[in-house]
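Given next are the chains, with one letter for each unit.
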Amino acid sequence: MDRIHSVHFALDNDDGARTHQYDKADIILVGVSRCGKTPTSLYLALQFGIRAANYPLTEDDLDEDGMLKLPKALAPHRNKLFGLTIDARRLSAIRNERRPNSRYSSMDQCLQEVGQAESLYRTMHIPFIDATRFSVEEISTRMIAETGLARRFSPR
């Protein structure tokens, strides 16, 4: 039942759609669009029963100087935040499959977003992993080790 509840939690709290349940989250993944937040959240839920939410860092989270700031929905839950980052070239390639030749997938846009996200992580002391060359399984294992998250059950 823990596995089922955790998967439902991950789906209900995907992509910042709902933030009112963040107090029930074991971890909240943050990062730019297409960096692996959703698959990692679902893997954590399915394999370990961890209640994982995720929140995308977007242009709406920029301050007046054009730098990312911690979104208000995340501020009360800073101790649960974990960042994902990705190489800008890889991000551009992934986004190009979704929206070819768009500003969203441009190298300049990807470089800017990744740089801002990593700057936010460092400034706010949010632990993070570069997900570029790791599988979801490796990302999750490293995240669990680094945060000390309690597994509700062991993977099969």
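Residues numbered from 1 in each chain as written. Predicted model: local features only at pLDDT ≥ 70, side-chain atom pairs only at ≥ 80, totals over all residues. Heavy atoms only, no water.

(A) Representation of the overall build of the chain in the model. When you go through the chain residue by residue, the secondary structure sums to five helices and four strands. Of the regular secondary structure in the chain, the N- to C-terminal order runs α-β-α-β-β-α-α-β-α. Scaling as 2.2 N^0.38, a compact globule of 156 residues should have a C-alpha radius of gyration of about 15 Å, and the chain matches this with 15 Å. Considered along the principal axes of its C-alpha atoms, the chain spans approximately 45 × 30 × 25 Å. Residues classed as buried in the chain amount to 44% of the 156 residues present. When contacts within the chain are restricted to residue pairs at least 6 apart in sequence, long-range pairs at least 24 apart make up 71% of them. Carbon and sulfur atoms make up 49% of the accessible area of the chain, which amounts to about 8400 Å² in all. The chain carries 22 positive and 21 negative side-chain charges, and their two centres are separated by 5 Å. (Helix = DSSP H or I, 4+ residues; strand = E, 2+ residues; numbered from the N terminus. Rg over C-alpha atoms; globule rule 2.2 N^0.38 Å. Buried < 20%, exposed > 50% of the residue type's maximum accessible area, 1.4 Å probe, protein only. Contact = heavy atoms within 4.5 Å. Areas by Shrake-Rupley, 256 points an atom, 1.4 Å probe, with all protein chains shown as cover. Lys, Arg positive; Asp, Glu negative; His and termini not counted. Charge placed at Lys NZ, Arg CZ, Asp CG, Glu CD.)

(B) Expanded view of the nonpolar core. Formed by 39 residues in total, the largest nonpolar core has its most connected members in I27, I28, V30, L44, L74 and M143. Counting residues per element, the ones that place at least two in this core are β1 (27–31), α2 (37–48), β2 (52–56), β3 (81–85), α3 (88–98), α4 (107–124) and α5 (136–147). Ranked by residue count, the leading element in this core is α4, at six residues. Once you skip the residues sitting within four places of it in the chain, I28 turns out to touch Y22, A53, L74, H77, K80, L81 and F82. (Core = buried A, V, L, I, M, F, W, Y, C linked by side-chain atoms within 4.5 Å.)

(C) The arrangement of the sheet that holds β2 in detail. Ordered in space as β2-β1-β3-β4, the four strands form an open sheet in which the pairing is parallel. A single partner strand is all that each edge strand has here, and the edge strands are β2 and β4 (128–130). Pairwise comparison of adjacent strand axes, ignoring direction, gives a mean angle of 25° for this sheet. Packing of α4 onto the sheet brings it into contact with β1, β3 and β4, and relative to β3 it is tilted by some 150°. (Pairing = 2+ DSSP bridges. Axes fitted to C-alpha atoms, helices over the stretch in contact; angles between N-to-C directions.)

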